[in-house]
Amino acid sequence: MGAAFAIRNAEARQVPADYSIEISPHSFEAAPRRTIKTTAYNSQVPGPLLRLKEGKPITIDVTNRTRIPEVLHWHGLFLPPELDGAMEEGTPMIPPDARVRYTFTPRPSGFRWYHTHTFAGRDLSKGQYSGQHGFLYIEPRENPGRYDQEFFLALHDWNGHFLGSEDGSMEPSYDISTINGRVLGFGDPLRVKTGQRVLLHIVNSSATDVHWVAMAGHQFQVIALDGNALPRSTPVPMLRLAPAERVSALVEMNNPGRWILGEVRKHIQAAGMGIVVEYADQSGKPQWQQPAGLSWAYSGFAALGTAPARDPAVVEIPLVFKSKFEGHGNLDRWTINGKSFPDTDTIALHRGQRYRLLLKNDSDDDHPVHLHRHIFELRRISNQETHGVFKDTVLVDAHTQTDVEFTADDPGMTLFHCHQQAHMDKGFMLLFRYA
Amino acid sequence: MRLLLAVAGLLGATSLFAQGNYEIQVYGAETVAPGDLMVEVHSNFTDIGQKHLIDGIYPTNHQEHETLELTQGINNWFEVGFYIFTSEQDGHGTQWVGDHIRPRIRVPDSWHWPVGVSLSTEIGYQRPVYSLDTWTWELRPIIDKTMGRWYFAVNPALERTWHGPDVAQGLVFAPGAKFSFDFTKQISAGMEYYADYGRLTQIDPLHQQQQQFFLATDLNVSPKWEINVGVGLGVTASTDHFLIKCIVGRRFSWGKHSQVE
């Protein structure tokens, strides 16, 4: 890996950067007469697409034009902790009106993204609830896929407020749900042609909610999860994306018309989560075909054949997730192995050692857990062994266990947390350190 | 809503409202979800109450009241409730008392108000042997707030008799209030307050007012169930002095809802 560093203010102005990102307040119309006031990157939602080349050094200036310190996390990249974008790992915050230049060599290739990594608490306009998210694509040295056109789509929920949930505590609920910052029918359609192979890169940038999306009249050929190529590509009728998860999928444009690509659950599509897919020379009302249920399984993309037997040299690390009730008018506090961040134990890793995280979810909520600066392999979901699917975020269903394995090959403080903003804000984090 | 029973001449007072004891509940602002039906049974026993037959009205002492309440959620801001009141007492057997209907609207969540707010209105009939005021109407604003482990609700209700001796009284102020504390996720407990101050324009003397305090607990065993149990003390001469109440509610959803609904 090449040199990676961050420099601040005056030093960062001498030579123009390859990309510049300005964090600033922004208002935009998500739906007719529905203006959302938020904080965004370069006054757009989502932020600009950063298209980088694997192994080619890059400089990116980030300027904070807000009144509070910010930090920008390069989600899915292998970066040192001082650049990765999590203050818990040691990345310095960007003070108001300061500019920081990041210089690094991007890797690994694939669909990544960038977003804020700040605390929101009960302010549902801050942190990941805001518009601070953007696409980051690292082109591989050799492109394995053939496609005619590609689109980047971000699923997001807006105007959150706390409501009592079925599990007895408060949870965020949203008024508006969008794809690329627009409700269904308000933004530009995805314009395609018959016979094209279209590659969709979809990220769920929602602060808290899992989303299922389908495209009427079509199926998805999933080729990558979290930017990592899959050993097996199976056609699926819908995609499930937990917060921070990404799916890259090919769609054969073989059914001319005007179709809706949108949330499968009716009330969320009614809140706006959808976009029109329009074939050339087609008109009329966009069509939706309502699926009867929800379907998705990581194991459908796993390598065929029996999963390799457990290697006794792999060190197991049990991590048990539980909630602690703090009142019907509060969010739950979250614990890992009985402790809540910052009181969680910092776990020592040894470079080169392979680890198996036993992610045991003893709570009523599903958790999209994310490991910074590393990629892990799914090895067991509930009671089913699996292998060959590599990710940086995995949804661990309530009252189940998921095992993942990774090799400790990127020294430095490494954050592990639930990507549900309301959960990470309430202690669902811990750090790994390299011994 | 507390069903109003008109009792005259109690302890030398002129006409006044006696304790209802049919539905003893401080309302929260939440309405029943669209398409859901809430079925509640209110069981209230007056252990120490009015012991004399006054103007043909049965005494409340040792009356066991069973009230069936059915509330249908219409949309996310509107519900309609329907009540069937019954009473059981030695010498009188089990009798139907009356019925009420109660539409209620609320401020939708999407308005993001800092407190829950709803407004219910209740119209109903009760038999003369249980209340000389046979047709009554109630307007009940409801405001509530959950703060951490604390819950607060206030119901500054106004009541009016449409048919009966108290028609001339006009609006009567009958507030209720509640606070509770979440000891655990399943167990909350606190105090409930019910009162009837008499006419809005001329508050009754204290001994003619109804003032009642309940120690009550809510058991949050499941989102489908609602359980509230309490014991109440009346602290004025015009109030039944000791009551036990219990509410058991169960939420039902019509039809089969798929994951995409």
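## Details of a nonpolar patch on the surface
Residue and element names in this part refer to chain B.
Turning to step 1, where the next piece is worked out: A grouping of Met147, Trp150, Phe152 and Phe179 is seen on the molecular surface, where their side chains present a nonpolar patch of about 400 Å² in accessible area.
Turning to step 2, where the next piece is worked out: Note on placement: phenylalanine 179 falls in strand β10 (residues 172-182).
Turning to step 3, where the next piece is worked out: The partly exposed category is assigned to phenylalanine 179, whose relative accessible area is 38%.

## A look at unusual backbone geometry
All names here are of chain A.
Turning to step 1, where the next piece is worked out: Following valine 45, the chain continues into proline 46 via a peptide bond in cis, with omega recorded as -5 degrees.
Turning to step 2, where the next piece is worked out: Locating proline 46 in the fold gives a position in the loop between β3 (34-41) and β4 (47-53).
Turning to step 3, where the next piece is worked out: The residue after phenylalanine 341, namely proline 342, is reached through a cis peptide bond having omega 15 degrees.
Turning to step 4, where the next piece is worked out: Tracing the backbone through its elements, the reader meets proline 342 in the loop between β23 (333-336) and β24 (347-349).
Turning to step 5, where the next piece is worked out: Unusually for a residue other than glycine, arginine 33 sits at a positive phi of about 60 degrees.
Turning to step 6, where the next piece is worked out: Within the secondary structure, arginine 33 sits in the loop between β2 (19-31) and β3.
Turning to step 7, where the next piece is worked out: Phi is positive for aspartate 97, close to 70 degrees, though the residue is something other than glycine.
Turning to step 8, where the next piece is worked out: Take aspartate 97: it is sitting in the loop between α1 (81-84) and β7 (99-104).

## What about the environment of glycine 110 of chain A?
All names here are of chain A.
Turning to step 1, where the next piece is worked out: Within the secondary structure layout, glycine 110 lies in strand β8 (residues 110-116).
Turning to step 2, where the next piece is worked out: It is 20 Å that separates the C-alpha atoms of glycine 110 and glycine 300, two residues lying 190 residues apart in sequence.
Turning to step 3, where the next piece is worked out: Once residues lying within four places of it in the same chain are set aside, the contact partners of glycine 110 are Leu136, Tyr137, Ile138 and Gly227.

## Side note on the pattern of salt bridges
Residue and element names in this part refer to chain A.
Turning to step 1, where the next piece is worked out: For the structure shown, the criterion picks out 40 salt bridges over all chains.
Turning to step 2, where the next piece is worked out: Across the pair glutamate 316 and arginine 310 runs a salt bridge whose closest N-O atoms are separated by 2.8 Å.
Turning to step 3, where the next piece is worked out: Ionic pairing is found between glutamate 326 and arginine 333, a salt bridge with its closest N-O pair at 3.6 Å.

## So, the interface of chain A and chain B
Turning to step 1, where the next piece is worked out: Contacts between chain A and chain B engage 24 residues on the former and 16 residues on the latter.
Turning to step 2, where the next piece is worked out: Buried area between chain A and chain B, both sides added, is near 1,500 Å², and the carbon and sulfur share of it is 56%.
Turning to step 3, where the next piece is worked out: Remark: the boundary between chain A and chain B carries one salt bridge.
Turning to step 4, where the next piece is worked out: The salt bridge involving glutamate 261 of chain B is made with lysine 266 of chain A; its shortest N-O contact spans 3.2 Å.
Turning to step 5, where the next piece is worked out: Looking at the side of chain A that touches chain B, the elements that each hand over two or more residues are β10 (149-164) and α2 (266-270) of chain A.
Turning to step 6, where the next piece is worked out: Here the side of chain A that touches chain B takes four residues from β10 of chain A, the largest share from any one element.
Turning to step 7, where the next piece is worked out: The residue inventory of the side of chain A that touches chain B, partitioned by class, reads six nonpolar, eleven polar and seven charged.

## Let's talk about the domain arrangement of chain A
Residue and element names in this part refer to chain A.
Turning to step 1, where the next piece is worked out: Structurally, chain A comprises domain 1 (4-139), domain 2 (149-296) and domain 3 (315-434).
Turning to step 2, where the next piece is worked out: The straight-line distance from the C-alpha centre of domain 1 to that of domain 3 is 24 Å.
Turning to step 3, where the next piece is worked out: With 25 residues of domain 1 at the contact, the number on the domain 3 side is 25 residues.
Turning to step 4, where the next piece is worked out: Counting the surface lost from both domain 1 and domain 3, the interface buries some 1,700 Å², and carbon and sulfur atoms represent 55% of this.
Turning to step 5, where the next piece is worked out: Between domain 1 and domain 3 we count zero salt bridges in total.
Turning to step 6, where the next piece is worked out: Secondary-structure elements contributing two or more residues to the side of domain 1 that touches domain 3 are β6 (72-75), α1 and β8.

About the thresholds
- Residues numbered from 1 in each chain as written.
- Chains lettered and ligands numbered in written order.
- Predicted model: local features only at pLDDT ≥ 70, side-chain atom pairs only at ≥ 80, totals over all residues.
- Heavy atoms only, no water.
- Patch = residues over 30% accessible without salt bridge, like charges linked within 9 Å, V, L, I, M, F, W, Y side chains within 5 Å.
- Areas by Shrake-Rupley, 256 points an atom, 1.4 Å probe, with all protein chains shown as cover.
- Salt bridge = Lys/Arg side-chain N within 4 Å of Asp/Glu carboxyl O.
- Helix = DSSP H or I, 4+ residues; strand = E, 2+ residues; numbered from the N terminus.
- Buried < 20%, exposed > 50% of the residue type's maximum accessible area, 1.4 Å probe, protein only.
- Contact = heavy atoms within 4.5 Å.
- Buried area = accessible area lost by both parts, 1.4 Å probe.
- Nonpolar A, V, L, I, M, F, W, Y, C, P; charged D, E, K, R; others polar.
- Domains from an automatic or database assignment.

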